[in-house]
Amino acid sequence: YHHLYRHHQQVATPADPSTARKGETVYQFIVRCISGSWRGVYEDERRAGKKIIENYAVLSLAASFLFVLGVLLVFGLKSMLVHLAIAAGAIIYL
């Protein structure tokens, strides 16, 4: 939803968190893109009148946290750190 109705309307403008800025490092872009996109989804859901427990942005963040916690509890700290490193690598690679 956010991709179609926010990014496609704002693409290549300063309002689009998914468009890199001139001179911006890849790491600055990644942080701004992820946080800006999350805030956009949260605001879209809030404006749609969804309660916080129904907000897709909140639910996806909670699901990610619970998954990482599950990996920690079932497989241990080393496995959780490997999972987080692979996830970070995938984000940077994309």
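These figures come from a predicted structure and were not determined experimentally. (Residues numbered from 1 in each chain as written. Predicted model: local features only at pLDDT ≥ 70, side-chain atom pairs only at ≥ 80, totals over all residues. Heavy atoms only, no water.)

**Here's the deal with the overall build of the protein chain**
A tally of helices and strands in the protein chain yields four helices and zero strands. For the protein chain, the succession of helices and strands along the chain, N to C, is α-α-α-α. On C-alpha atoms alone, the protein chain measures out to a radius of gyration of 16 Å, which is more than a quarter above the 12 Å that the 2.2 N^0.38 rule sets for 94 residues. With respect to the principal axes defined by its C-alpha atoms, the protein chain has extents near 45 × 40 × 15 Å. A buried classification covers 21% of the 94 residues belonging to the protein chain. Across the protein chain, contacts joining residues at least 24 apart in sequence account for 22% of those joining residues at least 6 apart. (Helix = DSSP H or I, 4+ residues; strand = E, 2+ residues; numbered from the N terminus. Rg over C-alpha atoms; globule rule 2.2 N^0.38 Å. Buried < 20%, exposed > 50% of the residue type's maximum accessible area, 1.4 Å probe, protein only. Contact = heavy atoms within 4.5 Å.)

**Considerations on the pattern of salt bridges**
Pairing is possible between side chains that carry opposite charge, provided their charged atoms lie close to one another. Overall, the coordinates contain five salt bridges when judged by the stated rule. Linking Asp44 and Arg6 is a salt bridge whose minimum nitrogen-to-oxygen distance equals 2.4 Å. A residue pair is termed long-range when its members are at least 10 positions apart, and Asp44 in helix α2 (residues 26-47) and Arg6 in helix α1 (residues 2-10) qualify at 38 residues. We classify Arg6 as buried; its relative accessible area is 18%. Residue Arg47 pairs with Asp44 through a salt bridge whose shortest N-O separation is 3.2 Å. Of this pair, Arg47 and Asp44 are both found in helix α2, three residues apart, which corresponds to roughly one turn of the helix. Take Asp44: its relative accessible area is 15%, and that puts it in the buried class. Salt bridges linked by common partners bring Arg6, Asp44 and Arg47 together as one network. (Salt bridge = Lys/Arg side-chain N within 4 Å of Asp/Glu carboxyl O.)

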